Structure formats: C-alpha cells, structure tokens
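# Close look at the chain arrangement
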Amino acid sequence: MTEGRFRGTERYVATDDLMMAVNAAVTLGRPLLVKGEPGTGKTQLAEEVARALDRPFIQWHIKSTVKAQQGLYEYDAVSRLRDSQLGEARVHDIGNYIVKGKLWEAFSADVQPVLLIDEIDKADIEFPNDLLLELDRMEFYVYETRQTIRAVHRPIIIITSNNEKELPDAFLRRCFFHYIRFPDKETMERIVRVHYPDLKKHLLSEALETFFEIREAPGLKKRPSTSELLDWIKLLVAEDIPPEALRGDQRKLIPPLYGALLKNEQDVHLFERLLFMSRRKKD
Amino acid sequence: MMTDFFFKLRKASVPVTLTEFLTLLEALNQRVTAHSVEEFYYLARAALVKDERYYDRFDQVFASHFKGLETLFDGLAGVSVPLEWLRKLAELTLSEEDQQLIEAMGGWEKLMETFAQRMAEQEGRHQGGNKWIGTAGTSPYGAYGYNPEGIRIGQDVSRHRRAVKVWDRREFRNLDDTVELGTRNIKVALRRLRRFAREGAVEELDLDDTIRSTARNAGWLDLKMVPERHNAVKVLLFLDVGGSMDDHVRACEELFSAARSEFKHLEYFYFHNMVYEGLWKDNRRRYTEKIDTLTVLHTFTRDYKLILVGDATMSPYEITYPGGSVEHFNPEAGDVWINRLLAVWPQAIWLNPQTPNRWSYIPSIQMVRELMDDRMYPLTLEGLEQGIRALQRAR
C-alpha cells in the first residue's frame, strides 16, 4: 500500500482530497478529471504525479483543432502518395505511414506512464466521446494495418478541463473527478514555502495578507491565482522589497509590483478606488 | 448503508449512476482508503460527483446520511485491520531488532490481541483528547501506529472533528447552479452559449495554400487543410434598468460584462420596466440619446437571438395600456412592442432575476410570461442553460 501512493512532492503541495482522488484513480486505473480555477496547478499535478511515482510523463496538449484520432494514430496518406510518385520501395508497407499518437505512445510504454490530456474542453464537443472506448478498455484498432493496440500497462491518465465546455455524461462516468479549490491561507503558506523556502516569515505573511485582500476585493474581473502570487513573490524577492512597503502608506495606495497580480486595467482602477475608500473610512 | 446513500444522492438530484457507484465499491474493495471517514468522504466524492456544482448537494446528503456514523468508522479503524496487512507493513517499516522484539512479546497474534485490548482501553480514556494509539515511543505499537510515512492506524479525534467540518462547511455552495449567479457562474453559462456558436471543427480544403505548397513542392501534391470556423451566434441583449430592477442591476451587469467577451456579434440596449418606442445605449444619457425601437427592429436581422433581462415586476397597465408607462406617455402599449420584437426575432427568451416561486404572485410577471410563450427563465445558471437551450430550438 505504501509504495505507489501519491502524497505531493517537495515542489507541489497536495491537499488530502486531491491525494485521495489521485490514489483512487491510480489504484483502479481510471482517468482522473481535474477542474479548477486557472492557476491552481492542474497541469502541474500530472507532472508531479509522474515525478513522485517515478514514471515517464507524456503530455498531450489539446487545441480546438485536435481530433481524437490524432491521439491514437495518423495515416499519412499524402506522403505515401508522394512516395508512390517517386517510386520508393517503402511505399508498399502501409505501416511506414502510420504515425503514432500520444495514446499509442502511452499504451506501448514499457513502464506504466503518466499521460496528461491537457485542457480537454478546448477540443470539439465530440472529442471526449470519441475516446470513450479507448480510455475504458485501453485498446484501439488500427484499420490500415488491421492490428489491435492494447495497453501494456494501463497508463495513469490525468485530464484537465477549464470548464469551457460541458463534458458528456458517458465520459464523466468513467472518470474520477476532482475540483481543485482555491487554497486557503494555510495551504497557500505551505505552497509559497515550498517554492521559496528561505523567504522571510514577515514578508510572507505581509504578502499573503495583501494577496488575499486583493482577491477579496469585490467585482474584480480577473482574480489573481496561485501562480500569480508566486510570480509576484519572486519579483518582490528580486527587487528586495522590505515587508513594510507592502503595507502601503497613505501616499502610495497600491502594493508594489501590482502588475504581477492585477492583469486588467479596470481591475487596477477598481482596486485603487476600493483602497482609497477603505482608508478614508479608517481616518 | 451504502445503497441507501446512493438512493439518497439520487433523490437529492445528484446525477449518480450505477457505474459510478460500482466504481466506489471497487475502490473500497481495493482498500484505497485507510478506513477513516474523512478519506472515505474524499473517495466517495471523487468517484460519484463529476461536477463541482453538485459538491454542495453531495456534502449535504453525506452529512445527513453519515451523521453519527463517524464513530462507526472509528471502531473499524482499530479493530478490523487485517493481520496480513499489518504484518506486511511492519516488515517494511520495522528494523530486524524490532521484529525480534515482537517475537519476544509472543508473536503477532499475541500482539494483535494486546493491540485490540489497548485500543479498547484507550477508547474509554481519551475522550476529547487527540492522542494516537501508541505514541512514537519505544512501544512496538508505536512503531506501526504512527510510522514515519504517515500510515495511521490509531484514531485522532480532532482530525475527525475537522473532517466532519469539511462537508459541514459547505464550501461549494456558490458552485451550485440553482443559486443566483456570480461572476464565475455566469461565465460558465455564457461559455455554454458559445459552445453553440461554433458548430464542430470540420476540416475543409484550403485551396490557396494547397496550390502554393504544391507549387513549392515542385509539383508534388501537398494538401493543406484548415479547420472550418464560423462564429454564428448573434445576440441582442435588452436590459431593464432602474426602478424595481435596482436590486438586480448588479446581477445584470455581471451578465452583461460576461456576455460582451463571449460574442462577436452582441448588441445591447437598455429599457425601463417594459420595452416601448425608445431604447438607449448609455444609461447616463438615457433621456438625450434615445434610439427608436423601430430602427432597432429594422437594423438587426432575423437570425439574432434576443435576450431580455428584467424582473417584469410592474403595474399591469404598463403592459396592456397605451400611456401606462411610469416615465412618459407611450402611444402604444408594452405588449404591442413585445409582439413586434418577437415577430422580428422569433428566437427570444426573458431572463428574470426574481426567484421563480414568487412569479405566480406577481400578475405582471404572468402577463409577460404569456407574451413570451412561457419562455421566461430565472437568472440562475440552471435557468440560463434552459434558456439557451430554448434559444437553440429552431422556431
């Protein structure tokens, strides 16, 4: 039981519920679907699972034009046609023109790999449906060469989604699901510690305070996320900004290097206004 | 116990299916959890719930169903640990010396007996405390009761108290789609609308590029494909401002701000309570820059989808009588105008921020609903989704 369990890594803080979801998916060999706010480390999760369990990592990044078939294999008919025009010998074996996709790669790996299907919601609506059988049975059929590809080891499949499209029920039924919640202050502190172990305690707590204050400002168009906090702290460290400066005095309303946190002009204005109002109330 | 839980979930309209339930049982069978109610909760949630908007409902059912049963898990935790499992674990973690010590104490069976005994004793004593079974001392229990890798056989009352809170806190409440819309929800809803905007990523032959590439290839054929793309959804948004809508203006603005980034063709107009002969685009200059509704009717083609947002709470006269408006003298009644809108844009819905259970008490809402052929939906995620579906239906 102890080996092959995921508990987060030295670079990645996993909450209890996330660990449970990953371990359940690994044990039962089912795909794990991960959703959550942008910047909460969905994509990173797969990398870290691969690292923690010491497995090869295969990434399949989905775009709006990607088809399910491309994950299995592609038949490069055009280059075969070209070769036939040139009269090459290899044209007689159709197998020369079958290009392996990411799923094939994962199925044929010697060690059980971790396969990340990133941002599945970017693809066409039919995309998840086209992969149902493949993910369920972990096998598929190559029509051109009449062979069935079966997974040597059921790969650990982690799928991320940004909620742009609803995924079909039949697909969801076959997955474990986890929604990465935005971390609370305690977890956030652990996350920052993992990335910046020698950050001064004082600076950290000031930075977190400011960060959550910004996040809670009502009406922001884009609320800053974990990855933005980490960027910001990196900048703070690089610029060697003292913790006191974060508090912001009366003259300087907005925290230093806010550009890392607020990515929208209207948000910056809004935040300035809010700060101004709250300060005036205090006086 | 489990089957009841399954049916309770279904009753609370969490969409659980038998496959998912069997997955959970399989996971339990394979001992994915280490018999703690907290872990069981996480496992059940990952296996049964496939959308964060059902998390809250799941939490509620879980809390009500397993209330008082946490103690049951506590009992399981200590007593029914299978012997082989323990032994294997101990082999992994104990040193040679420790193992000899165990032999000295009378072997594994004896040890298990003492363990169970100790367990029972401790149950009586540690009420309210949070002491592990066998602290990490020299006791052999300690060696596996709390091993460095964090495998836990003991019980930790405070942990459980925290665990219960996980679902009692109901942190996912704002993800439930029947509650009113927040900025996040609304974006999700509008993305769903966008989903219909692009109908499939069909590939088509890019003739220009094919010719160019083939020429560059010295005449060898080189086919180029491009994804077919067309953003077909055009939306006309009519927003009610002022008066009884003031409470809902925020929700409307959120809908509006979200909508603007989702469509290429989006036109919006404001009205007050009811659509009459004039609309405006800027609320601050509503009296000076009025746009003729007829002009709007003539400008936008039939394939626009019309979304009216308003609480439809007003005096019935504002709908049925000329001159009924509270602001000005309107030569024609509101229902005339609504019918004109519907004649030009048959694909139309009315979104109402009022909660649906109040609709039947307000006569004007009933009237508008009738005018809209019942296509009035609450301004919640669920309502939006139904509305969007209604918009899709060809009329």
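Notes on the structure follow. None of the values given here were measured: they were computed from a predicted structure.

Calculation notes
- Residues numbered from 1 in each chain as written.
- Chains lettered and ligands numbered in written order.
- Predicted model: local features only at pLDDT ≥ 70, side-chain atom pairs only at ≥ 80, totals over all residues.
- Helix = DSSP H or I, 4+ residues; strand = E, 2+ residues; numbered from the N terminus.
- Buried ≥ 20, exposed ≤ 12 C-beta atoms within 10 Å, placed from the backbone.
- Contact = placed C-beta atoms within 7 Å.
- Nonpolar A, V, L, I, M, F, W, Y, C, P; charged D, E, K, R; others polar.
- Pairing = 2+ DSSP bridges.
- Expected span 1.5 Å × (residues − 1).
- Arc of directions from axis to C-beta.
- Axes fitted to C-alpha atoms, helices over the stretch in contact; angles between N-to-C directions.
- Core = buried A, V, L, I, M, F, W, Y, C linked by C-beta atoms within 7 Å.
- Left-handed = near helix turned anticlockwise from the far one by under 90°.

Of regular secondary structure, chain A possesses 13 helices and nine strands. In chain A, buried positions account for 32% of the 283 residues. For chain A, the share of sequence-separated contacts (at least 6 apart) that also reach a separation of at least 24 residues comes to 75%.

On to the overall build of chain B, then. Counting secondary structure elements, chain B contains 18 helices and nine strands. Expressed as a percentage of its 395 residues, the buried residues of chain B come to 33%. Across chain B, every contact between residues at least 6 apart in sequence was considered, and the portion connecting residues at least 24 apart equals 68%.

What follows is about the interface of chain A and chain B. One widely used convention gives an interface's size as the accessible area the parts lose upon coming together. Contact with chain A, which involves 31 residues of that partner, is made by 33 residues of chain B. Put simply, the parts of the chain that give the side of chain A that touches chain B at least two residues each are α1 (16-28), α4 (77-86), α8 (169-173) and β9 (176-180) of chain A. If you tally residues by element for the side of chain A that touches chain B, the top one is α1(A), at eight residues. Class assignment for the residues of the side of chain A that touches chain B results in 12 nonpolar, eight polar and 11 charged.

Now for the pairing of strand β5 (residues 114-118) of chain A. Residues and elements named next belong to chain A. The element β5 is largely enclosed, with a buried count of four among its five residues. Alignment of β5 against strand β8 (residues 156-161), held across four bridges, turns out to be parallel. By the bridge assignment for β8, Leu115 is matched with Ile157.

The terminal C-alpha atoms of helix α2 (residues 18-29) of chain B lie 16 Å apart, and with 12 residues this matches the ideal 16 Å at 1.5 Å per residue to within 8%. When α2(B) is considered as a whole, its buried residues turn out to be B:Glu20, B:Phe21, B:Thr23, B:Leu24 and B:Ala27. An end-on view of α2(B) places all buried positions within 155° of arc, on one side of the element. The exposed residues of α2(B) that point more than 90 degrees off its buried face are B:Leu18, B:Thr19, B:Leu22 and B:Asn29. Packing partners of the buried residues in α2(B) comprise α1 and α8 of chain A together with α1 (2-11) and α3 (37-48) of chain B. The first or second residue beyond α2(B) is B:Arg31, which carries a positive phi of 55°.

Attention now goes to the pairing of strand β7 (residues 304-309) of chain B. All names here are of chain B. Among the six residues in β7, five count as buried, and that is most of the element. Of the strand pairs in this sheet, strand β3 (residues 234-240) and β7 are connected by six bridges, and their pairing is parallel. Each residue of the ladder has a partner; that of Lys234, found in β7, is Tyr304. By the bridge criterion, four bridges tie β7 to strand β8 (residues 348-352) in an arrangement that is parallel. Among the inter-strand pairings, Val309 is bridged to a residue of β8, identified as Leu351.

Let us look at the sheet that holds β5(A). Residue and element names in this part refer to chain A. As summarised here, the arrangement of the five strands in space is β2-β5-β8-β1-β9, forming an open sheet in which the pairing is parallel. At either end of the open sheet lies a strand with only one pairing partner, and these are β2 (57-61) and β9. Looking at each pair of strands side by side, their axes are set apart by 20° on average, direction ignored. Contacts from α1 reach β1 (32-36), β8 and β9 within the one sheet, and its direction differs from that of β9 by about 160°.

Following the sequence through the fold, A:Gly259 ends up in the loop between α12 (243-247) and α13 (265-282). Linking A:Gly259 and A:Glu228, residues 31 residues apart in sequence, is a C-alpha distance of 9.7 Å.

What follows concerns the environment of B:Pro356. Positionally, B:Pro356 belongs in the loop between β8 and α17 (363-371). Residues B:Pro356 and B:Tyr377 lie 21 residues apart in sequence; the distance between their C-alpha atoms is 8.1 Å.

With that settled, the discussion passes to the nonpolar core. Among the nonpolar cores identified, the biggest contains 73 residues, and A:Ala21, A:Ala24, A:Leu32, A:Val49, A:Ile158, A:Phe176 and B:Leu43 are the most heavily contacted of them. Of all the elements, α3(B) adds the most residues to this core, at nine residues. For A:Phe176, the contacting residues outside a window of four places in its chain are A:Ala21, A:Ala24, A:Ala25, A:Arg30, A:Leu32, A:Leu33, B:Ala46 and B:Ala47. Membership of the second largest hydrophobic core comes to 38 residues, among which are B:Ile349, B:Met376, B:Leu379 and B:Leu381.

Now for the environment of A:Asp169. Considering the arrangement of structural elements, one finds A:Asp169 in helix α8. The spatial distance from the C-alpha of A:Asp169 to the C-alpha of A:Pro128 is 9.9 Å, given a sequence separation of 41 residues.

If you want to describe how two helices pack, look at the angle between their axes and the distance between the axes. All names here are of chain B. Between α2 and α3, the shortest axis-to-axis distance is 8 Å and the interhelical angle comes to 145°. Considering the relative orientation of α2 and α3, their crossing is right-handed. Contact with α2, carried on its side by Glu20, Phe21, Thr23, Leu24 and Ala27, involves Leu43, Ala44, Ala47 and Leu48 of α3 and no other residues of that element. When its residues are assigned to classes, the contact of α2 with α3 shows seven nonpolar, one polar and one charged.

All names here are of chain B. With their axes 10 Å apart at the nearest point, α1 and helix α4 (residues 55-65) run at an angle of 140° to one another. Viewed along their axes, α1 and α4 form a crossing whose handedness is right-handed. Taken together, the residues of α4 that come into contact with α1 (itself represented by Asp4, Phe5, Lys8 and Leu9) are Phe58, Val61 and His65. Per-class residue counts for the contact of α1 with α4 are four nonpolar, one polar and two charged.

Right, let's get into helix α18 (residues 381-392) of chain B. All names here are of chain B. Across its 12 residues, α18 extends 16 Å between first and last C-alpha, which sits within 8% of the 16 Å expected from 1.5 Å per residue. When we look at burial in α18, the residues that qualify are Leu381, Gly383, Leu384, Gly387 and Ile388. One side of α18 carries all its buried residues, which in axial view fall inside an arc of 155°.

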